[in-house]
Amino acid sequence: METKVFNLIILDESGSMSCIERQALSGLNETLQTIRSAQKKHPELKQIVSILPFNTDHLHLLRDRVAITEVDDLKTTEYNPLGGTPLYDAIGIGVGSIRASVGENDSVLVTIITDGCENSSREYNSRSISKLIESLKQQGWMFTYIGANQDAEEVASQICIDNALNFDQSEEGTKVMFSVEAACRDSFMDAMADCASLNIEEAKARRVEIAHQKKFFDR
């Protein structure tokens, strides 16, 4: 049975991200390279990518459930920060875009990167997003929250995300953040490869255990 790993990257594209626009785009493309490397390292896992930049003007999928072997790097024209931060809507829409495609033998890693807190969602709120995330963690979905200009751990805990990372909103701080993210993603892929050798029920139980582990970024 084919095993897929869905990599959903939800990236803040609000106006305040303009000060690290180049670094954010470069870091995201480095993340894609990390996923390409994971595909080569673990060919038994089919790496699938979705990328959702978000602001008040749009929440649009730049890459929508595309195999990493077919994913090109993002171009400068595809990331243009402006507007506010509808964080809850971005999470809800992003999760909804892949949910029906995830099979019982598949894994999911949702990575949220933002330099600010929620300020403009219309469809979702903290309570509905918390309930959604907690239910998906029970299915083995892994969520990580990476934030600047805030207490990322506190903000993440408010929406039931156990794993959070603070980063400094500067060129160097953004580089460091993406480096840490890449290392953690690589560790996650190793763990999912181990799950692939288990039967479906054992693998699901292991994914749920991993999804609830705290301090993922401390590995």
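Above this text is the structure in question.
Undergrad: Hey, could you run me through the packing of aromatic side chains in this one?
TA: Given two aromatic rings, their pairing is described by the distance between the two centres and the angle made by the two planes. Tallying each qualifying case throughout the model produces one aromatic pair. Between tryptophan 141 and phenylalanine 143, the aromatic rings sit 6.4 Å apart at their centres with planes inclined by 20°, giving stacked as the arrangement. The buried category is assigned to phenylalanine 143, whose relative accessible area is 2%.

Undergrad: I keep staring at the packing of helix α1 (residues 21-41) against helix α5 (residues 171-196) and nothing clicks. Help me out?
TA: Describing two packed helices takes the angle between their axes plus the distance from one axis to the other. Running from amino to carboxyl end, α1 crosses α5 at an angle of 20°, the nearest separation of the two axes being 10 Å. The angle between α1 and α5 falls in the class roughly parallel. Where α1 crosses over α5, the two elements pack in a sense that is right-handed. Residue-level contacts link Arg22, Gln23, Ala24, Gly27, Leu28, Glu30, Thr31, Thr34, Ile35, Ala38 and Lys41 of α1 to Glu171, Thr174, Phe178, Glu181, Ala182, Arg185, Asp186, Met189 and Asp190 of α5. Grouping the amino acids of the contact of α1 with α5 by side-chain chemistry returns seven nonpolar, five polar and eight charged.

Undergrad: Could you clarify how one ought to interpret the side chain of serine 14 in this entry?
TA: Note that serine 14 resides in the loop between β1 (3-12) and α1. On the accessibility criterion, serine 14 (1% relative accessible area) is buried. Engagement of the side chain of serine 14 in a polar contact is seen with the side chain of aspartate 12, the distance being 2.7 Å. Discounting chain neighbours no more than four positions away, the residues touching serine 14 are Phe54, Asn55, Pro81, Leu82, Gly83, Gly84, Thr85 and Asp115.

Undergrad: Explain helix α3 (residues 126-137) here, please?
TA: Because an α-helix completes one turn every 3.6 residues, residues spaced three or four positions apart along the sequence face the same direction. Its 12 residues give α3 an end-to-end C-alpha distance of 16 Å, which sits within 8% of 16 Å, the value for a rise of 1.5 Å per residue. Listed as buried for α3 are Ile129, Ser130, Leu132, Ile133, Leu136 and Lys137. An end-on view of α3 places all buried positions within 165° of arc, on one side of the element. Pointing more than 90 degrees away from the buried face of α3 are the exposed residues Arg127 and Lys131. Tucked into the core, α3 has its buried residues touching α2 (87-99), β5 (142-147), α4 (152-158) and α6 (200-211). Two or three places before arginine 127, at the opening of α3, asparagine 125 has a side-chain oxygen 3.1 Å from that residue's backbone nitrogen.

Undergrad: Quick question: what am I supposed to make of the environment of serine 126 here?
TA: Take serine 126: it is sitting in helix α3. A C-alpha to C-alpha distance of 7.4 Å links serine 126 and glutamine 158, two positions 32 residues apart in sequence. Ignoring sequence-local partners within four residues, the contact set of serine 126 consists of Tyr88, Gln158 and Ile159.

Undergrad: What exactly am I supposed to notice about the pattern of salt bridges here?
TA: Any two side chains of opposite charge can pair if their charged atoms end up close together. Counted under the stated rule, the structure contains 11 salt bridges. If you follow the salt bridges from partner to partner, you end up with Arg22, Glu171 and Lys175 in one network.

About the criteria used
- Residues numbered from 1 in each chain as written.
- Predicted model: local features only at pLDDT ≥ 70, side-chain atom pairs only at ≥ 80, totals over all residues.
- Heavy atoms only, no water.
- Phe/Tyr/Trp six-rings, centres within 6.5 Å; stacked < 30°, edge-to-face > 60°.
- Buried < 20%, exposed > 50% of the residue type's maximum accessible area, 1.4 Å probe, protein only.
- Axes fitted to C-alpha atoms, helices over the stretch in contact; angles between N-to-C directions.
- Helix = DSSP H or I, 4+ residues; strand = E, 2+ residues; numbered from the N terminus.
- Parallel < 35°, antiparallel > 145°, perpendicular 65-115°, else oblique.
- Left-handed = near helix turned anticlockwise from the far one by under 90°.
- Contact = heavy atoms within 4.5 Å.
- Nonpolar A, V, L, I, M, F, W, Y, C, P; charged D, E, K, R; others polar.
- Polar contact = N/O pair within 3.5 Å; in protein donor to acceptor, adjacent residues only side chain to side chain.
- Expected span 1.5 Å × (residues − 1).
- Arc of directions from axis to C-beta.
- Salt bridge = Lys/Arg side-chain N within 4 Å of Asp/Glu carboxyl O.

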